[in-house]
Amino acid sequence: MSSTKNDTRVDAKSADFQKRTRQMIDKLTEIKNEEERIRQCGGAKAIEAQHKKGRLTARERIAKLIDPKTEFFELGLYAAYEMYEEWGGAPAAGTITGLARVSGRRVMIIANDATVKAGAFFPMTAKKVIRAQNIAIENHIPTIYLVDSAGVFLPLQEDVFPDADDFGRVFRNNAVMSAMGIPQITAIMGMCVAGGAYLPVMCDKILMTEGSGLFLAGPALVQAAIGQKTSAEELGGAQMHAQISGTIDFREPDDDACIKRMRALLDKIGHPARAPFDHKPAAPPKHPGDEIYGIFSADAGKQYDMREIIARIVDQSEFEEYRPEYGQTLLCGYARIGGWSVGIVANQKKSVTIAAPGTGDKRIEFGGVIYTESADKAARFILDCNQNLVPLIFLHDVNGFMVGKEAEWSGIIRAGAKMVNAVANSVVPKIAVICGGSFGAGHYAMCGKAYDPRFIFAWPTARYAVMGGDAAAGTLVEIKIKQLEREGKKLSDAEKKELYETTRATYEHQTDPRYAAARLWVDAIIDPARTREALIEALELAALNPHVAEFKTGVLQT
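Model, not experiment: these values are computed from the prediction.

Any chance you could break down the overall build of the protein for me, citing the residues and the numbers?
A tally of helices and strands in the protein yields 20 helices and 21 strands. Expected size for 558 residues packed as a compact globule is a radius of gyration near 24 Å; at 26 Å, the protein falls within 12% of this value. With the C-alpha coordinates aligned to their principal axes, the bounding extent of the protein is approximately 85 × 70 × 50 Å. With 558 residues in all, the protein has 54% of them scored as buried. Across the protein, every contact between residues at least 6 apart in sequence was considered, and the portion connecting residues at least 24 apart equals 74%. Counting every atom, the protein has about 24700 Å² of accessible surface; 53% of that belongs to carbon and sulfur. Mean positive and mean negative side-chain charge positions of the protein (68 and 70 charges, respectively) differ by 2 Å.

Here's what the structure looks like:
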């Protein structure tokens, strides 16, 4: 087919469209209200205490650091959501990470939030910092650290200190990033103690404000360990490190001066080579992004046309669909987003009637299910995108792979393995958006977290699990009932129903996108109407890394 100018068939005045819009806005409002609560950080008293020290809060620092009239694209806001409640909680895991422009440069910002347990590192804090660093490594993003931390949260030290993805990985990443030539600037704007003291010193440039402290052990620990009495300023203050130890590069009187210096330093770094991905001037879609609210259906039993979603994301609503009449439950095709050439792999939620291979009998293929032909098509398309240096976008609303005798006879496992192989070995940037369900092996085939997407975003309607809530609850309850029967207990119908509802509620809670975001399975929960903007940001950042490895797949199950 030639270029498809996606002429919409959406009736924005229909009752169904209006109902879906209201449902999406309700979910989005709930998410945004929750985000505002998280952004209160440690609360008013903690913020006041920070101000009494003559220091800004982490969010105030970021607001002053980034370029005027630009936005901070926050990542990991929901990290540690509903976790560590026995310790009073840790909003945003006590650290703020995200993407911004500083002196015209795209940067990653990692800032300790001293209003949350003095900026101490919880287990999820370390994982959040490491995720931000990994994004910076994959995309060659200059990184700024705003340090104001008491170090490891000692009651949970066993889950922060020793493992491969714990606290020590942060410093390892500092060294790797430096060796790769990724600029790193650190500003010590409060306490920086114990193992955490290595982070700034392993970066390229170190700034420190008056009244801050940088030491491996604070005065109390020094006295306990070796009997030496000393003040914090004498032990590891800014003046000492500027004049005696020579550890820091710039001593600044306060936060404002420190931020001004950082902006000046960023302004003068060089510009590396750009990536080889094709880019042309951007053109807006022909249809408004907020119409996505009324098109998309979060109801697993309802259909919608994913092409209509794509038409509100891509430039000029043009989508060059690949093999449109084959494997129709997966849409594959070429487009531009923000001027960047991309390949799109998207689950189609409309059921289709096709002729069965071999017999020609009519059969229905259900939307959101990956069939053998769909997986074959997607694998071939992904190979082509890698061959031609085209970044990949995955739009998830997948129930999983088709099951049953006919599916097995058609070689569904072989085709699925081929698709997973192509995704796993893909060398062009991959960006995933979980729109609706993302269940089972379908999640893997659509470039789930385990398959190294450069970024993974979720809509408020996302659902993320091995299987859907009804199926999972039914399976889990059946297992529990048989276990109880073996113990000689027989449940009444009312007790079975209660067990089912309780199990289903627990499972549904765990499939909520906030549960996933709390554990950093997704980088951000985004407004569906701003999916295009999020993808453009991700593509711009991916283009900072000019290196594309040689594409190899190994053995493909053909």
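Give a description of the environment of isoleucine 66 that names residues and reports values.
Mapped onto the secondary structure, isoleucine 66 falls in the loop between α3 (58–65) and β2 (73–75). A relative accessible area of 10% places isoleucine 66 in the buried class. Through-space distance from the C-alpha of isoleucine 66 to that of aspartate 249 is 22 Å; in sequence the pair is 183 residues apart. Once residues within four sequence positions are removed from consideration, isoleucine 66 is found in contact with Glu71, Phe72, Ala100, Arg101, Val102, Ile109 and Arg263.

If you had to explain the nonpolar core to someone new, which residues and values would you point to?
Formed by 131 residues in total, the largest nonpolar core has its most connected members in Ile344, Val345 and Phe457. Considering each element in turn, this core owes the most residues, 8 residues, to helix α4 (residues 123–139). When near neighbours in sequence (up to four residues on either side) are disregarded, isoleucine 344 contacts Ile310, Val314, Phe319, Leu331, Cys332, Gly333, Ala335, Phe381, Ile393 and Leu395. Ranked by size, the runner-up nonpolar core spans 23 residues in total, among them Ala58, Val102, Ile109 and Cys258.

Could you give me a rundown of the state of the cysteines, with the residues and numbers involved?
Summed over the entire model, instances satisfying the criterion amount to 0 disulfides. We note that cysteine 258 lacks a disulfide partner, and the nearest cysteine sulfur, in cysteine 192, lies 13 Å from it. Classification of cysteine 258 by relative accessible area gives buried; the value is 0%. Distance from the sulfur of cysteine 385, which forms no disulfide, to the nearest cysteine sulfur (cysteine 332) is 8.3 Å. Accessibility expressed as a relative area gives 0% for cysteine 385, which makes it buried.

How would you explain the packing of helix α13 (residues 372–387) against helix α15 (residues 412–425) if you had to name every residue and give the values?
Contact pair α13 / α15: the axes reach a minimum separation of 8 Å and the direction vectors enclose 25 degrees. On the basis of their axis angle, the class for α13 and α15 is roughly parallel. Judged by the twist between their axes, the crossing of α13 over α15 is left-handed. Along the contact surface, α13 presents Thr372, Ala375, Asp376, Ala378, Ala379, Ile382 and Leu383, while α15 presents Ile412, Ala415, Gly416, Lys418, Met419, Ala422 and Val423. Split into classes, the residues belonging to the contact of α13 with α15 amount to 10 nonpolar, 2 polar and 2 charged.

Tell me about the side chain of asparagine 386, and name the residues and values.
When you line up the elements, asparagine 386 lands in helix α13. There is a polar contact of 2.9 Å between the side chain of asparagine 386 and the side chain of serine 426. A polar side-chain atom of asparagine 386 sits 3.3 Å from the main-chain amide nitrogen of valine 428. Discounting residues that sit within four places of it in the chain, asparagine 386 has contacts with Leu392, Ser426, Val427, Val428 and Phe551.

Got a sec to walk through the pairing of strand β3 (residues 95–102)? Specific residues and values, please.
Among the 8 residues that make up β3, 7 are buried, leaving the element largely enclosed by the rest of the structure. Taken together, the 8 bridges between β3 and strand β4 (residues 105–112) define a ladder with antiparallel strand orientation. When the sheet's bridge partners are listed, isoleucine 96 is paired in β4 with alanine 111. Hairpin connection between β3 and β4: a loop of 2 residues separates the two successive antiparallel strands, and serine 103 in this loop has a positive phi of roughly 55 degrees.

An account of the packing of α4 against helix α5 (residues 167–180) is requested, with residue identities and associated values reported.
Two numbers describe how α4 lies on α5: the axes approach to 9 Å, and their chain directions differ by 15 degrees. Classed by the angle they form, the pair α4 and α5 counts as roughly parallel. Note that α4 runs across α5; the crossing there is left-handed. The residues of α5 that touch α4, namely those facing Ala126, Val129, Ile130, Gln133, Asn134, Ala136 and Ile137, are Phe167, Arg169, Val170, Asn173, Asn174, Met177 and Met180. Grouping the constituent residues of the contact of α4 with α5 by class yields 9 nonpolar, 4 polar and 1 charged.

Hey, could you go over the packing of aromatic side chains for me, with residue numbers and the actual values?
A full pass over the atoms with the stated rule returns 14 aromatic pairs. When the centroid spacing of 5.2 Å and the interplanar angle of 85 degrees are considered together, the rings of tyrosine 78 and tyrosine 81 count as edge-to-face. The buried category is assigned to tyrosine 81, whose relative accessible area is 16%. Residue placement shows lysine 405 over the ring face of tryptophan 409; its charged tip is 5.1 Å from the ring centre. One cation-aromatic arrangement involves arginine 519 over tyrosine 515; the distance from NZ or CZ to the ring centre is 3.5 Å.

Which residues make up the pattern of salt bridges, and what values do they have?
In this structure the tally under the stated criterion is 33 salt bridges. One salt bridge in this structure joins arginine 39 and glutamate 74, with 3.6 Å as the shortest N-O distance. In this pair, arginine 39 sits in the loop between α1 (15–38) and α2 (44–52) while glutamate 74 sits in strand β2, placing the two residues 35 residues apart along the sequence. Classification of arginine 39 as partly exposed rests on a relative accessible area of 27%. We classify glutamate 74 as buried; its relative accessible area is 10%. Note that arginine 530 and glutamate 71 form a salt bridge whose closest N and O atoms lie 3.5 Å from each other. Placement of arginine 530 in the loop between β21 (524–525) and α20 (531–542) and of glutamate 71 in the loop between α3 and β2 is noted, with a sequence separation of 459 residues between them. For arginine 530, a relative accessible area of 39% corresponds to the partly exposed category. When salt bridges that share partners are traced, they join Glu35, Glu36, Arg39, Arg59 and Glu74 into one network.

Thresholds applied
Residues numbered from 1 in each chain as written. Predicted model: local features only at pLDDT ≥ 70, side-chain atom pairs only at ≥ 80, totals over all residues. Heavy atoms only, no water. Helix = DSSP H or I, 4+ residues; strand = E, 2+ residues; numbered from the N terminus. Rg over C-alpha atoms; globule rule 2.2 N^0.38 Å. Buried < 20%, exposed > 50% of the residue type's maximum accessible area, 1.4 Å probe, protein only. Contact = heavy atoms within 4.5 Å. Areas by Shrake-Rupley, 256 points an atom, 1.4 Å probe, with all protein chains shown as cover. Lys, Arg positive; Asp, Glu negative; His and termini not counted. Charge placed at Lys NZ, Arg CZ, Asp CG, Glu CD. Core = buried A, V, L, I, M, F, W, Y, C linked by side-chain atoms within 4.5 Å. Disulfide = S-S within 2.5 Å. Axes fitted to C-alpha atoms, helices over the stretch in contact; angles between N-to-C directions. Parallel < 35°, antiparallel > 145°, perpendicular 65-115°, else oblique. Left-handed = near helix turned anticlockwise from the far one by under 90°. Nonpolar A, V, L, I, M, F, W, Y, C, P; charged D, E, K, R; others polar. Polar contact = N/O pair within 3.5 Å; in protein donor to acceptor, adjacent residues only side chain to side chain. Pairing = 2+ DSSP bridges. Phe/Tyr/Trp six-rings, centres within 6.5 Å; stacked < 30°, edge-to-face > 60°. Lys NZ or Arg CZ within 6 Å of the ring centre and 35° of its normal. Salt bridge = Lys/Arg side-chain N within 4 Å of Asp/Glu carboxyl O.

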